[in-house]
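Now for the letters of each chain:
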Amino acid sequence: MSDFVIIEKVFLFKILGVGINVQTRLGISLSINESTFCNEFYYSYDLEIDHETLNEIGQRAFSELSNVSSRFSQYIEDHNLDARAFSTPEELKQKIIETREKLQEPSHS
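Calculation notes
Residues numbered from 1 in each chain as written. Predicted model: local features only at pLDDT ≥ 70, side-chain atom pairs only at ≥ 80, totals over all residues. Heavy atoms only, no water. Helix = DSSP H or I, 4+ residues; strand = E, 2+ residues; numbered from the N terminus. Contact = heavy atoms within 4.5 Å. Core = buried A, V, L, I, M, F, W, Y, C linked by side-chain atoms within 4.5 Å. Buried < 20%, exposed > 50% of the residue type's maximum accessible area, 1.4 Å probe, protein only. Patch = residues over 30% accessible without salt bridge, like charges linked within 9 Å, V, L, I, M, F, W, Y side chains within 5 Å. Areas by Shrake-Rupley, 256 points an atom, 1.4 Å probe, with all protein chains shown as cover. Salt bridge = Lys/Arg side-chain N within 4 Å of Asp/Glu carboxyl O. Axes fitted to C-alpha atoms, helices over the stretch in contact; angles between N-to-C directions. Parallel < 35°, antiparallel > 145°, perpendicular 65-115°, else oblique. Left-handed = near helix turned anticlockwise from the far one by under 90°. Expected span 1.5 Å × (residues − 1). Arc of directions from axis to C-beta.

Engineer: Account for the side chain of histidine 79, naming residues and giving values.
Structural biologist: Mapped onto the elements, histidine 79 comes out in helix α4 (residues 76-81). In contact with histidine 79, other than residues within four places in its own chain, are Ser73, Phe86, Ser87 and Thr88.

Engineer: For the nonpolar core, give the residues involved together with the corresponding values.
Structural biologist: Membership of the largest hydrophobic core comes to 14 residues, with the highest contact counts inside it found for Phe37, Phe41, Tyr45, Phe62, Leu65 and Leu92. Within the residue set of this core, elements represented by two or more residues are α2 (34-48), α3 (56-70) and α5 (89-104). Ranked by residue count, the leading element in this core is α2, at four residues.

Engineer: Break down a nonpolar patch on the surface for me, with residues and values.
Structural biologist: On the surface, a nonpolar cluster with roughly 320 Å² of combined accessible area is contributed by Tyr42, Tyr43 and Leu47. Residue classification places tyrosine 42 among the partly exposed residues on the basis of a relative accessible area of 40%.

Engineer: Any chance you could break down the environment of histidine 51 for me, citing the residues and the numbers?
Structural biologist: Among the secondary structure elements, histidine 51 is positioned in the loop between α2 and α3. A C-alpha to C-alpha distance of 9.4 Å links histidine 51 and phenylalanine 62, two positions 11 residues apart in sequence.

Engineer: Give me the lowdown on the packing of α2 against α3, citing residues and values where you can.
Structural biologist: Running from N to C, α2 and α3 point in directions that differ by 140°, and their axes come no closer than 10 Å. Compared by their axis directions, α2 and α3 come out oblique. Considering only the axes of α2 and α3, their crossing is left-handed. Contacts between α2 and α3 pair Phe37, Cys38, Phe41, Tyr45 and Asp46 from the former with Gln59, Phe62, Ser63, Leu65, Ser66 and Ser69 from the latter.

Engineer: Provide a residue-level description of the side chain of serine 66, including the pertinent values.
Structural biologist: Within the secondary structure, serine 66 is located in helix α3. When residues no more than four places from it in sequence are discounted, the contact partners of serine 66 are Phe41, Tyr45 and Asp46.

Engineer: So what's going on with the pattern of salt bridges? Which residues, and what values?
Structural biologist: Enumeration over the complete set of coordinates arrives at six salt bridges. For glutamate 56, the salt bridge is made with arginine 60, and the minimal N-O distance between the two is 2.7 Å. In this pair, glutamate 56 and arginine 60 both sit in helix α3, four residues apart, roughly one turn of the helix. The exposure class assigned to glutamate 56 is exposed, which follows from its relative accessible area of 57%. You can call arginine 60 partly exposed: its relative accessible area is 42%. A salt bridge links lysine 95 to glutamate 64, with the shortest nitrogen-to-oxygen separation between them at 3.4 Å.

Engineer: Go over α3 with me, naming the residues and quoting the values.
Structural biologist: With 15 residues, α3 extends 21 Å between its outermost C-alpha atoms, agreeing within 8% with the 21 Å of an ideal straight helix rising 1.5 Å per residue. Residues of α3 that are buried include every one of Gly58, Ala61, Phe62, Leu65, Ser66, Val68 and Ser69, and no others. Within α3, the buried residues cover an arc of 165° as seen down the axis, which keeps them to one side. Among the exposed residues of α3, those oriented more than 90 degrees off its buried face are Glu56 and Ser70.

If you want it as structure tokens, here you go:
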């Protein structure tokens, strides 16, 4: 089973987009914000998924996304304290897009 299939089963919609409406394979249209994504990603990836079931590409891609999402802050005050310590909404969205693309690459299946 590919990492993308595992993630689709566990996340359903979480890896597909942030702050946008998405259509799942089940035909459900959903929209989530960045904070919700980060919380759900933490619960699903960091706490629930057995990382041993992921191949090397999946492990690397999700680890990188975990690093960005765990440092996400929506508060400008945090970024003013130390911009390098916190991920911005733009950085998070970009990492989600990169992760999705890596998992959908033909060589990954």
